[in-house]
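The primary structure of each chain is shown beneath.
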Amino acid sequence: MTDRHMTSAELRARGHQMIDWVADYLDGVEELSVLSQVEPGWVTAQLPSNPPDKGESFDAVIADLDRIVLPGLTHWQSPRFFAYFPANTSGPSILGELAAAGLGVQGMLWATSPACTELETVVVDWVAQLLDLPERFRMGGPGGGVIQDSASSSALVALLAARDRARARGAALDDLVVYVSSQTHSSLVKGARIAAIPNLRTVEVDGSFAMWPGALAKAMDDDVAAGRVPAMVCGTVGTTASHAIDPLAAIGDLCHRHQAWFHVDAAHLGIAGMCREMAWVNHGLEHADSYNTNAHKWLFTNFDCSLMWVADRAPVLESLSILPDYLRNQATESGAVIDYRDWQVPLGRRFRALKLWMVMRHYGADGLRHHLREHLALAADLASRFEADPRFELAAPVPATLLCVRLAAGDEASRELLDAINQTGRAYLSHAVLDDRHVIRVSIGSTLTTRRHVDDLWSLFDKLA
Ligand code: PLP
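Remember, it's a predicted structure, so these values are computed and weren't measured experimentally.

K.L.:
Can you help me understand the side chain of R441 in this one?
P.N.:
Its place among the elements puts R441 in strand β11 (residues 437–443). Buried within the structure, R441 lacks any salt-bridge partner; its nearest side chain of opposite charge belongs to D265, at an N-O separation of 12 Å. At 2.9 Å, the side chain of R441 and the backbone oxygen of T240 are in polar contact.

Here it is, written out as structure tokens:
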């Protein structure tokens, strides 16, 4: 058997070919049906059931990318993708990801690659500045920021720290309570289950789907009166269903009063705070213990890149730090460095900061704001078209880029309209249920989306309603 490693000459040639392939894909993606049209099992049926015995040519692999993988994709980077929240990417992010793959660094400890840790600390701090987050979240004091794989992991880390902080104060696990609203993301429920916190309260929301602080206050008081211990409240900036914004300051006051951990999940909408006129979305964080927003949703940085800040890292480290002998090293023992393995559940970690660093340097803060504002303006224009047309109703306020639309004709008609639009392949939208009614979600924010694509989407609504 001869040496099968790719030579650097081959890597160079194939690398150029692969970058061309990605650039061609992005150039043509708007012409592809946004939603994959394949039946369940189609992709599997195209693939051999046994692994290849002999290495194959890279040409054959690229041909199969076109033949098998592309048809089996829903095109998240299509400018006609308006479902869920965006998971946008961009040129500098793709190149940063490529550089990270080329370097192949595993940054579990500062010592296993100082640049991996220090770049992360710096770029996360840059984002904190752009979001004008409280000083407590910045590096230099007891708090600081980290890049997690997902908002779900950020919530889990917050839950574990909250649980252990409450237990360190003498509370029994069985007595701990976590509070969410009916609109909080399901990752909080899952996280509480993983953290084995047995009591979860679902607090009522008001007419705009934001958590009602009066109901939260009563739930916390009732629990305390019954001998239970409020461990954590999750407030959301931009709920998944409708972009509702919970009253952070009021929730923070209640958390402060009850010594409960206050986690803020701003997975998508938090990024809007980079624009001065949207800074209000992140107001009220005075008593927040942790805050999370995803660069991999709306900051032109491909999945995964979830930014989390804590006001005090000590409880996180107390929950998650473990130092087996083989990881001992001088830098860790000096106490002078950050070991991000202590800020997350897994040990190993990717060099995620690289792509975010490249994105921030390529766009600059002004460039990022410019594109966020483009999305905000497109959403505002589309909202006014719906408002002006009696066939449609907006089912929730539109603070930013998510519109919840339904047909005045009712749920069944709204459901049929959603299916009809998605079946055209010219747009992809998802749905939510608000007040027991079916709504169509239009979420704007893909990197490639422009006015023309939103105009096309409006034409589909107009024609098919
Ligand atoms: N929180 C909110 C408000 C979300 O909308 C989502 C996903 O869309 C999440 C959390 C989960 O994000 P992730 O996929 O990064 O875990």
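Still more to cover.
K.L.:
How should the site of the ligand be read in this particular structure?
P.N.:
Looking at the ligand, the residues that line it are F85, S150, A151, S152, H185, G238, T240, D265, A267, N294, H296 and K297. Here an oxygen atom of the ligand sits 2.5 Å away from a polar atom, N or O, in the side chain of S152. Considering the ligand on its own, with 400 Å² of exposed area, one finds that the protein chains cover 86% of that surface. Mapped by element, the contributors of at least two residues to the shell around the ligand are α6 (151–168) and α10 (295–298). Grouping the amino acids of the shell around the ligand by side-chain chemistry returns three nonpolar, seven polar and two charged.

K.L.:
Would you take a moment to explain the sheet that holds strand β5 (residues 261–265) for this structure?
P.N.:
In a beta sheet, neighbouring strands pair by backbone hydrogen bonds and run either parallel or antiparallel. Taken in spatial order, the seven strands of this open sheet run β1-β7-β6-β5-β4-β2-β3, and their pairing is mixed. The open sheet terminates on both sides in strands that have one partner only, identified here as β1 (144–148) and β3 (199–203). Mean inter-strand twist for the sheet, computed between neighbouring axes without regard to direction, equals 20 degrees. Across three bridges, β5 lies against strand β6 (residues 290–294) in parallel orientation. Bridging from a neighbouring strand, H263 pairs with S290 of β6. Its contacts with the sheet put helix α9 (residues 248–258) on β4 (229–236) and β5, and the angle it makes with β5 is roughly 155 degrees.

K.L.:
Is there a simple way to explain unusual backbone geometry in this structure?
P.N.:
For residues that are not glycine, phi is negative in most cases, and the peptide bond is trans in most cases. At the junction of F303 and D304, the peptide bond is cis and its omega measures out at 10 degrees in the coordinates. Within the secondary structure, D304 sits in the loop between α10 and β7 (306–310). Positive phi outside glycine occurs at Y84, with the angle close to 40 degrees. Mapped onto the elements of the fold, Y84 is located in the loop between α3 (58–69) and α4 (91–103). A positive phi is found at Q259, a non-glycine position, where the angle reads about 55 degrees. You can see Q259 is positioned in the loop between α9 and β5.

K.L.:
Looking at this structure, I do not really get the pairing of strand β2 (residues 176–181). What am I missing?
P.N.:
The side chains of a regular strand alternate, first on one face of the sheet and then on the other. Of all the six residues making up β2, six are buried; the element is thus mostly covered by neighbouring parts of the structure. Of the two faces of β2, the one holding L176, V178 and V180 and the one holding V177, Y179 and S181 are both buried throughout. Across four bridges, the pairing between β2 and β4 is parallel. By the bridge assignment, Y179 is partnered in β4 with V233. For the handedness criterion, the β-α-β arrangement of β2, helix α7 (residues 186–194) and β3 is classed as right-handed.

K.L.:
What am I meant to see in the packing of aromatic side chains here?
P.N.:
To describe a pair of aromatic rings, one takes the distance between the centres and the angle between the planes. Inspection of every chain in the model, using the stated rule, returns 13 aromatic pairs. Taken together, a centroid distance of 6.1 Å and an interplanar angle of 5 degrees make the contact between W21 and Y25 stacked. Note that W21 and Y25 are positioned in helix α1 (residues 8–28) at a spacing of four residues, about one turn of the helix. Residue class for W21 comes out buried when judged on its relative accessible area of 17%. Residues F386 and W458 carry aromatic rings whose centres are separated by 5.3 Å and whose planes lie at 75 degrees to one another, so their mutual orientation is edge-to-face. Remark: W458 occurs in helix α15 (residues 451–464) and F386 occurs in helix α13 (residues 353–387); sequence separation between them is 72 residues. Using a relative accessible area of 1% as the deciding quantity, one classes F386 as buried. When its relative accessible area of 14% is taken as the criterion, W458 is described as buried. Ring pairing ties together the aromatic residues W76, F81, Y84 and Y428, which thus form one cluster.

Conventions used here
- Residues numbered from 1 in each chain as written.
- Predicted model: local features only at pLDDT ≥ 70, side-chain atom pairs only at ≥ 80, totals over all residues.
- Heavy atoms only, no water.
- Helix = DSSP H or I, 4+ residues; strand = E, 2+ residues; numbered from the N terminus.
- Buried < 20%, exposed > 50% of the residue type's maximum accessible area, 1.4 Å probe, protein only.
- Lys, Arg positive; Asp, Glu negative; His and termini not counted.
- Salt bridge = Lys/Arg side-chain N within 4 Å of Asp/Glu carboxyl O.
- Polar contact = N/O pair within 3.5 Å; in protein donor to acceptor, adjacent residues only side chain to side chain.
- Near = heavy atom within 4 Å.
- Areas by Shrake-Rupley, 256 points an atom, 1.4 Å probe, with all protein chains shown as cover.
- Nonpolar A, V, L, I, M, F, W, Y, C, P; charged D, E, K, R; others polar.
- Pairing = 2+ DSSP bridges.
- Axes fitted to C-alpha atoms, helices over the stretch in contact; angles between N-to-C directions.
- Contact = heavy atoms within 4.5 Å.
- Right-handed = clockwise from strand over helix to strand, strands pointing away.
- Phe/Tyr/Trp six-rings, centres within 6.5 Å; stacked < 30°, edge-to-face > 60°.

By themselves these figures say nothing about function.
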